[in-house]
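Next come the chains, spelled out residue by residue.
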Amino acid sequence: MTLVLQTLLDGLVLGGVFSLAAAGFSLIFGVMNVVNLTHGIFVLIGAYLAWSAQHFLGVDPLLAIPGVMAVLFAAGYAYQRTIIQSAVDRSSLLASLLVTFGVALVLRNLLVLAFGPDFKSITPSYAFTNLKLGALTLDIVRISALAASLGLIALLAFVLYRTDWGRVIRATAQQDFAAGLCGVNVRHVYGLTFGVASAFAGAAGAVIGIVLPFAPPDEGHWTMKAFAVVVLGGVGSPAGALLGGLLLGLINTFTAQFIGPAFPNAMMFLVLVLMLLVRPHGLLGSAFGGSR
Amino acid sequence: MKGRTAAILAAGAVLALLAVLPAFVMPYHVRVGQLFLLSAGLALAWHILGGFAGYWSFGHTAFVGIGAFTAGLLHVHLKLPPMLGFAAGTLLGGCVSAAFAAVIAYPVLRLRGIYFAIALLGVSQVLGELSQNVDAFQGALGLNLPDIVPDAIRPEVFFYYCFLALAAGIFAFSAWLRGSRLGYGLAAIREDEDTARMLGVPTERFKVLTFVLSAALTGTIGAVYAYSLGYFTSGSVFRVDFSLNMILHALLGGIGTLAGPVIGAALLVFVTNVLLGRLLDVHLLVTGVLVVGLVLLAPSGLLGVLRDWRARWRRNERP
């Protein structure tokens, strides 16, 4: 029983991180219909920025999140306006896949050149403290990671549903043409969406950094996870990302615990394929363009 | 008709040139040629589904793996004489691939676009991990295949010709397919599946048939590839970069064209292995830059750009 509960808990912590890492991917997919294969790289860049902040400046990785988000927001905005826009103009899924794949390849190698190919991990000062709750162990790092993930997803939901930016982003997602007629600068909104999504990817990276080790070749892994989360939960909404992410986290830990440590990925894709067959819009499929 | 004769002559000339090439170049370059022919064959096999029917598979390496494992396990369990084993393995590799494709065809072909792409990526991932973790497949340990190369021929030359025969065969098959009833049906599916269905194209049957054909050809190449390696593990045949390169080569040359995948494979293999062969640190980086530049500057592939130029040139000629 304790084992099941502990696995459940670990799954939720992992799932929270997955959710946060996928939220931005889901937003871009929902609003622009772009499958952003650079997403995993943005996650890693966030992790490396947080690592640098701790390593060189001694800033706690969770406190570095606002800075990381600001940097990645700017980068994401610029990236969209210069490179991604051409793929959006062509409104071809494949163009967007290839462009982002190419950029991911470039950035991954730049990361290797800058930081080396080895695994890095961030060790905050509270890394080795843990709480006992009956027979369950909770280390502070994981709890704070989960809290940060949930808080940031709530923040994203707030931005999307309660602010002017969010309103124009949602309007553009529903119909870019009509939004344009109403005086929305669609290109600017696309840039904004990409910026917001990249910022949250970066934040996810910082959180991931304290829970798991990371290395440049991981980026594909994170992009795939984000995709799986989106397929499970549904495109475009933070709630979908949250649900999908938590599910994925649980699938991961339960498979590793009860079937075998080598099988989580196989299980993830099995569930993914089944999900695509049964309910291709995801559990919380929304009215966003990408889910249709 | 004149254009067609010219095209056949050109294809024949290229084939002849490729056939005599190994006699004149260094062994390393024969290896590069072998890699090029392998890539071209894979890209062509992928293109039957991705280019003609417009169903982009992101996990075609699954079939490479199935072909390779079929050949490997056949050898392990039956111990046929090498040459017979090679022939049987290649044949059976294609058949098992086709059978597997037929089984998964019904569910996955209901999906379209990115969802189909990812479903196949999932299939390849699952197969890769199963082959590694299920002991009966021996994927983690690796499988050994016997040396089948006759003494008179250098091994790289032997496999060069194997891959040449495969690539040329698949190319000829694609050429035939494109002009057949099936080919026209696939073009209709690619352009607008619902309309095609409404107009009486048996879309379901055509899609399944194409999927199975593409898988069978990929599986055949996979079996030969396994023999060319001699020893392989899961990791060496279930490779994401196989899946990606098939797409990339077809796209670089021009999706929907016959020669596109071959030209794309030639160019990319040449650039990454010969031009950038000495710069191992940056070669993936440069490949990335190349891909981005390609999509931004020549989204319809090299042959597409050529076609556009020709159209413009013709327009200018006529007042």
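Being a predicted model, the structure only gives us computed values, none of them experimental.

**Q** Before we move on, could you go through the overall build of chain B and cite the residues and values that matter?
**A** Tallying secondary structure elements over chain B gives 14 helices and two strands in all. Scaling as 2.2 N^0.38, a compact globule of 319 residues should have a C-alpha radius of gyration of about 20 Å, and chain B matches this with 20 Å. By principal-axis analysis of the C-alpha atoms, chain B measures approximately 70 × 50 × 40 Å. With 319 residues in all, chain B has 51% of them scored as buried. Long-range pairs, those at least 24 residues apart, make up 78% of the contacts in chain B with a sequence separation of at least 6. As displayed, chain B offers around 15000 Å² of accessible surface, 68% of which is attributable to carbon and sulfur atoms.

**Q** Break down the interface of chain B and chain A for me, citing the residues and quoting the values.
**A** Contacts between the two partners involve 32 residues from chain B and, on the opposite side, 36 residues from chain A. Of all residues in chain B, the largest losses of buried area upon contact with chain A belong to I114, Y115 and L285 of chain B, amounting jointly to 20% of the total for that side. Run the count over chain B and chain A and you get zero salt bridges. Summed over the shared surface of chain B and chain A, the number is one residue pair in polar contact (both at pLDDT 80 or more). Of all the secondary-structure elements, those providing two or more residues to the side of chain B that touches chain A are helix 4 (82-108), helix 5 (113-133), helix 11 (240-253) and helix 13 (283-297) of chain B. Counting residues per element, the side of chain B that touches chain A draws most heavily on helix 5 of chain B, at 12 residues.

**Q** I'd like to hear about a nonpolar patch on the surface, residue by residue, with values.
**A** Together, L3, V4, F258 and I259 of chain A make up a nonpolar patch on the protein surface, roughly 350 Å² of accessible area in all. The topology assignment puts V4 of chain A in helix 1 (residues 2-32).

**Q** Can you lay out unusual backbone geometry for me, pointing to particular residues and giving the numbers?
**A** Of note in the backbone geometry, N33 of chain A takes a positive phi value of approximately 60 degrees without being a glycine. Considering the arrangement of structural elements, one finds N33 of chain A in the loop between helix 1 and helix 2 (39-57). Taking the relative accessible area as the measure of exposure, N33 of chain A reaches 40% and is therefore partly exposed. Despite not being glycine, K79 of chain B has its phi angle at roughly 50 degrees, a positive value. Among the structural elements, K79 of chain B can be located in the loop between helix 3 (61-78) and helix 4.

**Q** Go over the packing of aromatic side chains with me, naming the residues and quoting the values.
**A** If you walk through the whole model with that rule in mind, you get 25 aromatic pairs over all chains. Where F25 of chain A meets F227 of chain A, the ring centres are 6.0 Å apart and the plane angle is 75 degrees; that geometry is what we call edge-to-face. Here F227 of chain A lies in helix 9 (residues 219-233) and F25 of chain A lies in helix 1, a separation of 202 residues in the sequence. For the pair F25 of chain A and F227 of chain A, one class covers both residues: buried. The ring of W51 of chain A carries K120 of chain A above its face, with NZ or CZ at 4.9 Å from the centroid. When the ring centre of F242 of chain B is taken as origin, the NZ or CZ atom of R239 of chain B, which lies over that ring, is 4.3 Å away.

**Q** Tell me about the environment of G282 of chain A, and name the residues and values.
**A** All names here are of chain A. Position of G282 relative to the elements: it lies in the segment after helix 11 (264-278). Placed 125 residues apart in sequence, G282 and A157 show a C-alpha to C-alpha distance of 18 Å. The contacts of G282, once residues within four sequence positions are left out, are V231, L232, G233, G234 and M275.

**Q** Go over the pattern of salt bridges with me, naming the residues and quoting the values.
**A** Considering all chains together, one arrives at six salt bridges over all chains under this definition. In this structure, the salt-bridge partner of D139 of chain A is R142 of chain A, at a minimum N-O distance of 3.8 Å. Judged by its relative accessible area of 27%, D139 of chain A is partly exposed. R154 of chain B is the salt-bridge partner of E156 of chain B, the closest N and O atoms lying 2.9 Å from each other. Looking at E156 of chain B, the relative accessible area reads 9%, which means it is buried.

**Q** Which residues make up helix 11 of chain A, and what are the values?
**A** In this model, helix 11 of chain A (15 residues) spans 21 Å end to end at C-alpha, consistent with the 21 Å of a helix rising 1.5 Å per residue. By the burial criterion, the buried members of helix 11 of chain A are P264, A266, M268, F269, L272, V273, M275, L276 and L277 of chain A. Tucked into the core, helix 11 of chain A has its buried residues touching helix 9 and helix 10 (238-258) of chain A together with helix 4 and helix 5 of chain B.

**Q** Give me the side chain of K225 of chain A: which residues, what numbers.
**A** Along the chain, K225 of chain A turns up in helix 9. Here K225 of chain A sits buried without a salt bridge, and the closest side chain of opposite charge, E129 of chain B, lies 8.3 Å off (N-O distance).

**Q** Now, about the environment of F163 of chain B: what can you tell me, with residues and values included?
**A** All names here are of chain B. Note that F163 resides in helix 6 (residues 155-179). Along the sequence, F163 and Y225 sit 62 residues apart, while their C-alpha atoms lie 8.5 Å from each other. Ignoring anything within four residues of it in the chain, the contact list for F163 reads Q34, L37, L38, I221, V224, Y225 and S228.

**Q** Quick one: what's the story with the packing of helix 2 (residues 27-52) of chain B against helix 12 (residues 260-275) of chain B, residue by residue and with numbers?
**A** All names here are of chain B. It is at 8 Å that the axes of helix 2 and helix 12 come closest, and there the two elements cross at 145 degrees. In the packing of helix 2 onto helix 12, the handedness of the crossing is right-handed. Contacts between helix 2 and helix 12 involve Y28, V32, L35, F36, S39, A40, A43, L44 and H47 from the first element and P261, V262, A265, A266, V269, N273 and V274 from the second. For the contact of helix 2 with helix 12, the class distribution of residues is 13 nonpolar, three polar and no charged.

**Q** Give a detailed account of the nonpolar core, specifying residues and quantitative values.
**A** Core analysis: the biggest nonpolar cluster contains 187 residues, and F116, F159, F163 and F211 of chain B have the highest contact counts within it. Among the elements that make up this core, the one with the highest residue count is helix 8 (residues 186-211) of chain A (16 residues). When sequence neighbours within four positions are dropped, the list of residues in contact with F159 of chain B reads Q34, I148, V149, V224, Y227 and S228 of chain B.

**Q** Please set out helix 8 of chain A residue by residue, giving values where relevant.
**A** Compared with the 38 Å implied by 1.5 Å per residue over 26 residues, the 38 Å span of helix 8 of chain A between its first and last C-alpha is a close match. Across the 26 residues of helix 8 of chain A, 24 count as buried, placing the element largely inside the fold.

**Q** Help me get a handle on the pairing of strand 1 (residues 130-133) of chain A, residues and values and all.
**A** All names here are of chain A. Sheet topology note: the strand 1/strand 2 (residues 136-139) ladder contains four bridges and is antiparallel. Bridging across to strand 2, L133 finds its partner in L136. Linking strand 1 to strand 2, which pair antiparallel, is a turn of two residues; within it G134 sits at a positive phi near 65 degrees.

What counts, and where the lines are drawn
- Residues numbered from 1 in each chain as written.
- Chains lettered and ligands numbered in written order.
- Predicted model: local features only at pLDDT ≥ 70, side-chain atom pairs only at ≥ 80, totals over all residues.
- Heavy atoms only, no water.
- Helix = DSSP H or I, 4+ residues; strand = E, 2+ residues; numbered from the N terminus.
- Rg over C-alpha atoms; globule rule 2.2 N^0.38 Å.
- Buried < 20%, exposed > 50% of the residue type's maximum accessible area, 1.4 Å probe, protein only.
- Contact = heavy atoms within 4.5 Å.
- Areas by Shrake-Rupley, 256 points an atom, 1.4 Å probe, with all protein chains shown as cover.
- Buried area = accessible area lost by both parts, 1.4 Å probe.
- Salt bridge = Lys/Arg side-chain N within 4 Å of Asp/Glu carboxyl O.
- Polar contact = N/O pair within 3.5 Å; in protein donor to acceptor, adjacent residues only side chain to side chain.
- Patch = residues over 30% accessible without salt bridge, like charges linked within 9 Å, V, L, I, M, F, W, Y side chains within 5 Å.
- Phe/Tyr/Trp six-rings, centres within 6.5 Å; stacked < 30°, edge-to-face > 60°.
- Lys NZ or Arg CZ within 6 Å of the ring centre and 35° of its normal.
- Expected span 1.5 Å × (residues − 1).
- Lys, Arg positive; Asp, Glu negative; His and termini not counted.
- Axes fitted to C-alpha atoms, helices over the stretch in contact; angles between N-to-C directions.
- Left-handed = near helix turned anticlockwise from the far one by under 90°.
- Nonpolar A, V, L, I, M, F, W, Y, C, P; charged D, E, K, R; others polar.
- Core = buried A, V, L, I, M, F, W, Y, C linked by side-chain atoms within 4.5 Å.
- Pairing = 2+ DSSP bridges.

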